[in-house]
Amino acid sequence: MATKTSTGKQTAKSTNAAAGTAKSATQMTKQPNKTGIKDSALEDFFADELKDIYWAEKHLVKTLPKMSKAATSAELKQAFTDHLQTTKGHVERLERVFEMLGKKPQAKKCDAMEGITKEGEGIIEDTEAGTATRDVGLILAGQKVEHYEISTYGGLQQLARTLGKDDIADVLAQTLAEEKEADQLLTGVAENGVNYQSAEEEA
Ligand SMILES: [Fe+2]
Ligand SMILES: [Fe+2]
């Protein structure tokens, strides 16, 4: 019985592979392209993910000024303004990456980033201007943005190395380091008093 089951499983597996229907992540990463072969499924996937984060960064260029304007503490306002400049650099860096791939920069709507920034706008609506509570909410929203970016750039950097594109991986690593820095900076602003001040505020 055990042999029969095992044989049955093997047959099913090889049939799926031969049909080539499901492009699971496992299948895509099973045969890493380190030979410069173009148009692999993994390379297409990589380019698609670049379009996604390109849209997200461009969207953040529009969102960060709103966050800075809504912030109460001068320190938090400055943190968002500084990160706006950094984010403009991220857009340009991605344009360079598209160029290195021999592709035109193209943006594809990132539903996740749209959702995270919408949540941030909701926090602005739900909190009172000039309060530390609003700042706490903005820091939280900002950190959600940075964490999305950190996971995306971390994954893309690794993917670029798998594809044998170390030059692109190095460019993405620069942005990754700046996203981590921004996240730590926001933690610092929270620890420096915003959280404490907000705990003192009346409901
Ligand atoms: Fe960014
Ligand atoms: Fe960022």
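Throughout, residues of each chain are indexed from 1 in the direction in which the sequence is written. Chains carry letters from A onward and ligands carry numbers from 1 onward, assigned in written order. Totals for whole chains, interfaces and linings use every residue, but because this is a predicted model, local features are given only for residues with pLDDT of at least 70 and side-chain atom pairs only at 80 or more, for both listing and counting.

### Points about the overall build of the chain
Okay, step 1: Helix and strand assignments come from DSSP, with helices taken as H or I runs of at least 4 residues and strands as E runs of at least 2, each series counted from the N terminus. Broken down by element type, the chain carries 7 helices and 0 strands.
Okay, step 2: Tracing the chain from N to C terminus, the helices and strands come up as α-α-α-α-α-α-α.
Okay, step 3: The burial criterion counts other C-beta atoms lying within 10 Å of a residue's C-beta, which is placed from the backbone; the residue is buried at 20 or more, exposed at 12 or fewer, and partly exposed between these limits. Within the chain, the fraction of its 203 residues that count as buried is 28%.
Okay, step 4: By sequence separation, contacts in the chain at least 24 residues apart represent 72% of the contacts at least 6 residues apart. Contact criterion: two residues are in contact if their C-beta atoms, reconstructed from the backbone, are within 7 Å.

### Structural notes on the environment of T187
Okay, step 1: Within the secondary structure, T187 sits in helix α7 (residues 166-200).
Okay, step 2: In the structure, T187 is positioned 47 residues away from L140 in sequence and 9.1 Å away in space, judged by C-alpha atoms.

### Overview of the nonpolar core
Okay, step 1: In plain words, the nonpolar core is the set of buried Ala, Val, Leu, Ile, Met, Phe, Trp, Tyr and Cys residues that C-beta atoms within 7 Å link up. Of all hydrophobic cores here, the largest spans 37 residues; its most connected members are L50, L76, L138, I139, A160 and L172.
Okay, step 2: For this core, the secondary-structure elements that each account for two or more residues are α3 (41-70), α4 (74-100), α5 (111-126), α6 (132-162) and α7.
Okay, step 3: The residues contacting L172, other than those within four sequence positions of it, are V97, Y153, L156, Q157 and A160.

### Re α5
Okay, step 1: One fewer than the residue count of a helix, multiplied by 1.5 Å, yields its expected span. End to end, α5 covers 22 Å across 16 residues, agreeing with the expected 22 Å (1.5 Å per residue, within 8%).
Okay, step 2: Within α5, the full set of buried residues consists of M113, I116, T117 and G120. An end-on view of α5 places all buried positions within 90° of arc, on one side of the element. Opposite the packed face of α5, turned more than 90 degrees from it, sit the exposed residues D111, G115, K118, G122, E125 and D126.
Okay, step 3: If you follow the buried residues of α5, they end up packed against α3 and α6. Taking the helix axis as origin, the arc is that swept by the directions to the C-beta atoms.

### Quick notes on the packing of α5 against α6
Okay, step 1: Axes here refer to lines fitted to C-alpha atoms; in helices the fit is confined to the stretch in contact. Angles between the N-to-C directions go from 0 to 180 degrees. Packing of α5 against α6 leaves a shortest axis separation of 9 Å and a crossing angle of 175°. On the basis of their axis angle, the class for α5 and α6 is roughly antiparallel. Contacts between α5 and α6 involve A112, M113, I116, E119, G120 and I123 on the former and, on the latter, G137, L138, A141, K144, V145 and Y148. Angle categories: roughly parallel below 35 degrees, roughly antiparallel above 145, roughly perpendicular from 65 to 115, and oblique for all the rest.

### As for α4
Okay, step 1: In a regular helix each residue adds 1.5 Å, so 27 residues correspond to 39 Å; α4 covers 39 Å between its end C-alpha atoms and thus fits that length.
Okay, step 2: Residues L76, A79, F80, H83, T87, H90, L94 and V97 constitute the buried set of α4.

### Notes on the confidence of the model for the chain
Okay, step 1: For every residue, the predictor reports its confidence as pLDDT, a number between 0 and 100. Per-chain confidence: the chain averages 85 in pLDDT, with 78% of residues scoring 70 or above.
Okay, step 2: Below pLDDT 50 for its whole length, residues 1-33 participates in 16 contacts with residues either more than four positions away or in separate chains.

### Thoughts on the packing of α3 against α5
Okay, step 1: Taken N-terminus to C-terminus, the directions of α3 and α5 make an angle of 10°; their axes are 11 Å apart at the nearest point. The angle between the axes of α3 and α5 places the two elements in the roughly parallel class. Within the contact between the two elements, α3 uses A56, H59, T63, M67 and A70 and α5 uses M113, E114, T117, G120 and I124.
Okay, step 2: Gly is placed with the polar residues, together with every amino acid not listed as nonpolar (Ala, Val, Leu, Ile, Met, Phe, Trp, Tyr, Cys and Pro) or charged (Asp, Glu, Lys and Arg). Along the lines of polarity and charge, the residues of the contact of α3 with α5 split into 5 nonpolar, 4 polar and 1 charged.

### Examining the environment of Q174
Okay, step 1: Within the secondary structure, Q174 sits in helix α7.
Okay, step 2: As a C-alpha pair, Q174 and H90 span 84 residues in sequence and 9.1 Å in three-dimensional space.

### Observations concerning the environment of K108
Okay, step 1: Structurally, the position occupied by K108 is in the loop between α4 and α5.
Okay, step 2: Judged by local crowding, K108 falls into the partly exposed class, with 15 C-beta atoms found within 10 Å.
Okay, step 3: Separated by 60 residues in the primary sequence, K108 and D48 have C-alpha atoms spaced 7.8 Å apart.
Okay, step 4: With near-sequence residues (within four places) excluded, K108 lies in contact with D48, K51, D52 and W55.

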